[in-house]
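# Summary of structural features
Now for the letters of each chain:
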Amino acid sequence: MSNQNEQEATTRGIGTDEWVAQHEARIAKPTTAMGKLADRWATLPAVVQWGIPLIVVLMIPFTTSSDYVLRIGVNLGLFIMLVIGLNLTVGYAGLLDLGFVAFYGFGAYFYAFVSSPQFGISWPSWISLPFVVVTTAIIGLALGTPSRRLAGDYLAIATLFFGQMFLVLAVSSDAVQFPWMDEPLDITGGPNGIPSVDQISFLGFTFNSTLSYYFLLLGIVVIGIIATRRIHNSRQGLAWRSMGEDELAAQHMTVPVVRMKLMAFTVGASIAGLAGAFFASVQMGVYPSTFKLPLLIMLYAALILGGLGSVPGLIIGAIVMVVLPEILRFPDYSNYLFLVTVLIGSIILIKSWKLVVAVFAATIAVGFVANAIFLVVGVPYLPIDEWIEGPLAPILGTWIFMPEERLLFGNIAFVLLIVVIAWMTTRSKRVRLFAMPFVLWLAIFTWEVRLLMEPSITRQLLIGALLVVLMAARPQGLFGKPRVEVL
Amino acid sequence: MNQPLLELRNVDTFYGPIHILQKVNLHVNKGEFVALLGGNACGKSTTLKTALGLVIPKSGEVFFNGIDVTNMKVAHRIKLGLAVVPENRRLFGPLSVMENLQLGAYTNKQTSKENYSRVFDLFPRVAERRNQMAGTLSGGEQQMVAVARALMSNPELLLMDEPSMGLAPKLVEQSFEMISELHAGGVSMLVVEQNANMALTVADRGYVLQTGRIVLEGPAKELSEDEELRRAYLGR
């Protein structure tokens, strides 16, 4: 700071200097086409921003008659409900709740208890749904009360235990002996769960088709999104977010930390409980295997992928985690997705267009050299039309050598790939760049020869790889704010 | 009798078995600027924590505005008119500056526009940065936001823990100018500071702590001329 500026600063008050004066001029304008488009989008009113996707989603049932597509929509709706609930507890209040799925389970079972032949009770929906919300909220409070003093990892352990406890209870409560009863009571139906649960009905209308649930959940999700956006800027939301960031500082702001924690637990739990009730109604039954750990991991993956605390983020995250595995059921799609992921992943990794072109050219060359070597050695191979069809066939068919013994060669290539990647991580940037064409070819070779044979396993593998690439490129999630440390 | 705003009477504070504050007597009168000085690990921050209620004394009493707050929770004390600029500022990094200020006014359910305009008038730089994430500000700006946040609750007494920490020498000077300007505006201050020189130039009175005991107290002018203190802390 020069002397002149200093003098100016003292005349205008604390902290006034050239920064304040130049504020407007310093705002960077986007230069790329994408950037301009994003800028345009950001200036649209929120109603338009949310209205366009909503219209698209409303149109889907009229463009397809496939029950399968609608069913994915219903699953997505349930998933988004769960992520909205989890976002309140984890994204806002910062409570690492690993027992969240248990509330989903409790909701489903409680709904089943009061609307199935299990106990011969069949309450109308306008009683059973509030009943589920209240009971799961109470359970949330019951878990929150002893856990309110636990922070971070300790809370995670306690809640994880709670989640597992729910599973054990659900599986083993099919023959509970109460002292005042002669016969053991079957509460949860054990591992087989409770079949034939009533469907939700209001004012004489029963939700009995996938289409009806699609619209029901769409309505609920819209309400959920509006509510989340309101909470975000409310006094309540502000208190939660401050607490999630720095509990002690929040206390200094007179945020009632304990009450806020319990509230976050309770509200999150009741949202999950309601989702559970819907789930039981959609399925017309509840089974304990639904509420296992993988669902929890998927929920957290969606939340972190989208960016903690961001509303559009959590929706995009949920779409990726629900729709992607469905798309990957078809080998054709997963083939495209793999190649695109490899392409984008390597572009992100290399960071220079010239080098990208060079690396890809070298990769193609490596492929043809490998073909030549295989041919010279005399490895028996499959003709093109026996292993690949569609538009990719002429390109991949000539470039990838498909040995007759796919399993053997594929396994060798897989092991080699892992070894090479492990070796690469210890080398310098230069060496890594030179090894890259070979690694890329090896990865594609392994994928086409071996992994594509077992779509159910490679599906998980591909999603994992995709998440790694995405998180490497944007550690804060797609819509999350980059983390900054206050020093 | 003129009642002091904040008073610590014979306060003994323990961390587990370790005796930290030993019979500390301290008071801040209305409109006064009091500096709390001392070297490392002498109990400065603990005194502040005791005043704020983060640490409950084993014996002794804490009064605020004549009310016994010894066993009162932090939130209650702050509602009575205390505010704190914590050590290292502790802003909510991912939240915007505006949201940080909103949290500063969390105590009063209806935040008046006046509060914001008063704070923005005082700190134009904070006004400019209101939509920015607090964590992306520079150290000096963060200090301003931290003070602005504390002022949002209209406190009678501002507790500051090491306002000079982590700031460039130039900014330390600025920071103290800012503090004395606030004091001139009618806020009473209790400032914990290692930089004794700086603190004594702006304070009315000072206390010097040494291993949990108050060893010196008096008007700032006298303290800065005290031979022993000069040798121990002022380094000249």
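Once a new chain begins, its residue numbering starts again from 1 and follows that chain's sequence as written. All chains are assigned letters beginning with A, and all ligands numbers beginning with 1, in the order in which they are written. In keeping with the model being predicted, local features are shown solely for residues with a pLDDT of at least 70 and side-chain atom pairs are shown and tallied solely at 80 or more, while totals for entire chains, interfaces and linings include all residues. Side-chain numbers here rest on the full set of heavy atoms in the structure, without hydrogens or water.

Strands here are runs of E lasting at least two residues and helices are runs of H or I lasting at least four, both read from the DSSP assignment and numbered beginning at the N terminus. Counting its secondary structure elements, chain B contains 10 helices and 10 strands. It is over C-alpha atoms that the radius of gyration is taken, and the globule rule equals 2.2 Å times the number of residues to the power 0.38. In terms of C-alpha radius of gyration, chain B reaches 17 Å, essentially the compact-globule figure of 18 Å for 236 residues. Expressed as lengths along the three principal axes of its C-alpha atoms, the size of chain B is roughly 45 × 40 × 40 Å. For each residue, the accessible area found with a 1.4 Å probe, counting protein chains only, is set against the maximum for its type, and the residue is called buried under 20%, exposed over 50%, and partly exposed in between. Every one of the 236 residues in chain B was classed for burial, and the buried ones make up 55%.

Before going further, it helps to spend a moment on the pairing of strand 4 (residues 59–64) of chain B. All names here are of chain B. Across five bridges, strand 1 (residues 6–15) lies against strand 4 in antiparallel orientation. Its bridge partner being in strand 4, Leu8 is matched across the sheet by Val62. At least two DSSP bridges between two strands are required for those strands to pair. Where strand 4 meets strand 5 (residues 67–68), two bridges bridge the pair, whose relative direction is antiparallel. Looking at the pairing, Phe64 lines up with Ile67 of strand 5. The hairpin turn running from strand 4 into strand 5, its antiparallel successor, is two residues long, and Asn65 in that turn takes a positive phi close to 55°.

On to helix 11 (residues 235–245) of chain A, then. Turning to helix 11 of chain A, its buried residues number three or more, namely A:Gly237, A:Leu238, A:Ala239, A:Trp240, A:Arg241, A:Ser242 and A:Met243. On its buried face, helix 11 of chain A sits against helix 6 (67–92), helix 10 (210–233), helix 12 (247–252) and helix 13 (257–283) of chain A together with helix 3 (97–104) of chain B. Whether two residues are in contact is decided by their heavy atoms, any of which lying within 4.5 Å being enough.

This part is about the packing of helix 5 (residues 46–63) of chain A against helix 10 of chain A. All names here are of chain A. At a closest axis distance of 11 Å, the pairing of helix 5 and helix 10 adopts a crossing angle of 170°. The angle between helix 5 and helix 10 falls in the class roughly antiparallel. Here Ala46, Trp50, Leu54, Val57, Leu58, Ile60, Pro61 and Phe62 of helix 5 come into contact with helix 10, specifically with Leu211, Tyr214, Phe215, Leu218, Val222, Ile225 and Arg229. A per-class count over the contact of helix 5 with helix 10 returns 14 nonpolar, no polar and one charged. For helices, the fitted axis covers only the stretch in contact; all axes are lines through C-alpha atoms, and the angles between them, taken along N-to-C directions, range from 0 to 180 degrees. Orientation is classified from the angle alone, with under 35 degrees giving roughly parallel, over 145 giving roughly antiparallel, 65 to 115 giving roughly perpendicular, and any other angle giving oblique. The residue classification treats Ala, Val, Leu, Ile, Met, Phe, Trp, Tyr, Cys and Pro as nonpolar and Asp, Glu, Lys and Arg as charged. All others, Gly included, are polar.

Residues and elements named next belong to chain A. Residue position: Ser116 is located in strand 1 (residues 115–116). Since its relative accessible area comes to 2%, Ser116 is described here as buried. Contacts described as polar in this section are N or O atom pairs within 3.5 Å, which, within protein, must combine one atom able to donate a hydrogen with one able to accept it, while residues neighboring in sequence count only if both atoms come from side chains. A polar contact of 2.7 Å, which involves the side chain of Ser116, links it to the backbone oxygen of Ala112. The contact partners of Ser116, leaving out residues within four places of it in the chain, are Ile121, Ile194, Ser196, Val197 and Asp198.

Moving on: the sheet that holds strand 8 (residues 188–193) of chain B. Residues and elements named next belong to chain B. Pairing is mixed across the open sheet formed by six strands, whose spatial order is 6-7-8-3-9-10. Only two strands of the sheet have a single partner each, and these edge strands are strand 6 (82–85) and strand 10 (213–219). On average, adjacent strands in this sheet sit at an angle of 15° to one another, irrespective of strand direction. Note that strand 9 (residues 205–210) and strand 10 share six bridges and pair antiparallel. Across the sheet, the residue bridging to Gln210 is Arg213, located in strand 10. Sheet contacts for helix 6 (residues 139–151): strand 6 and strand 7 (157–161); angle to strand 6, the most-contacted strand, approximately 170°. Sheet strands in contact with helix 7 (residues 169–184) are strand 3 (33–37), strand 7 and strand 8, and its direction is about 155° off that of strand 8.

Here a salt bridge means any side-chain nitrogen of Lys or Arg lying within 4 Å of a carboxyl oxygen belonging to Asp or Glu. Counted by the stated rule, this structure contains 11 salt bridges over all chains. With a shortest N-O distance of 2.8 Å, A:Asp246 and B:Arg90 are connected by a salt bridge. You can see A:Asp246 sitting in the loop between helix 11 and helix 12 and its partner B:Arg90 sitting in the loop between strand 6 and helix 3, one on each of two chains. Given a relative accessible area of 13%, A:Asp246 falls into the buried group. A residue is classified by how much of its surface remains accessible, and B:Arg90, at 30% relative accessible area, is partly exposed. Here A:Glu247 ties to A:Lys261 by a salt bridge, and the two come within 3.4 Å at their closest N and O atoms. Note that A:Glu247 is positioned in helix 12 and A:Lys261 in helix 13, a separation of 14 residues in sequence.

Residue and element names in this part refer to chain B. Taken together, four strands build an open sheet; the order of strands is 2-1-4-5 and the sheet is antiparallel. Edge strands, defined here as strands with exactly one partner in the open sheet, are strand 2 (18–28) and strand 5. Where strand 1 lies against strand 2, seven bridges are found, and the strand directions are antiparallel. Its bridge partner being in strand 2, Tyr15 is matched across the sheet by Ile18.

All names here are of chain A. Along the chain, Ser122 turns up in strand 2 (residues 121–122). Look at Ser122 and you get exposed, because its relative accessible area is 53%. Note: C-alpha distance between Ser122 and Ile400 (278 residues apart in sequence) is 61 Å. With sequence-adjacent residues up to four places away left out, Ser122 is seen in contact with Val114, Ser115 and Asp198. A polar atom in the side chain of Ser122 sits 2.4 Å from the side chain of Asp198.

Let's shift gears to the packing of aromatic side chains. Working definition: rings of Phe, Tyr and Trp (its six-membered ring) pair if their centres are within 6.5 Å, and the pair is stacked with planes under 30 degrees apart, edge-to-face with planes over 60 apart, and tilted otherwise. Under the counting rule described, the total for this entry stands at 28 aromatic pairs over all chains. Relative to A:Phe162, the ring of A:Phe103 lies with its centre 5.5 Å away and its plane at 40°, an arrangement referred to as tilted. Taken together, the positions of A:Phe103 in helix 7 (residues 100–114) and A:Phe162 in helix 9 (residues 152–172) put the pair 59 residues apart, joining distant regions of the chain. For the pair formed by A:Phe103 and A:Phe162, the shared burial category is buried. Ring geometry for A:Tyr104 against A:Phe291: centres 5.5 Å apart, planes inclined by 85°, an arrangement best described as edge-to-face. Here A:Tyr104 is found in helix 7, whereas its partner A:Phe291 is found in the loop between strand 6 (285–286) and helix 14 (293–306), with 187 residues between them in sequence. Of the two residues, A:Tyr104 and A:Phe291, neither departs from the other in class, the shared state being buried. Distance and angle both matter: a charge sits over a ring if NZ of Lys or CZ of Arg is within 6 Å of the ring centre and within 35 degrees of the ring normal. Over the face of the ring belonging to B:Tyr106 we find A:Arg235, whose NZ or CZ atom lies 4.0 Å from the ring centre. Looking at B:Lys58, its charged tip hangs above the ring of B:Phe14, at a distance of 4.5 Å from the centre.

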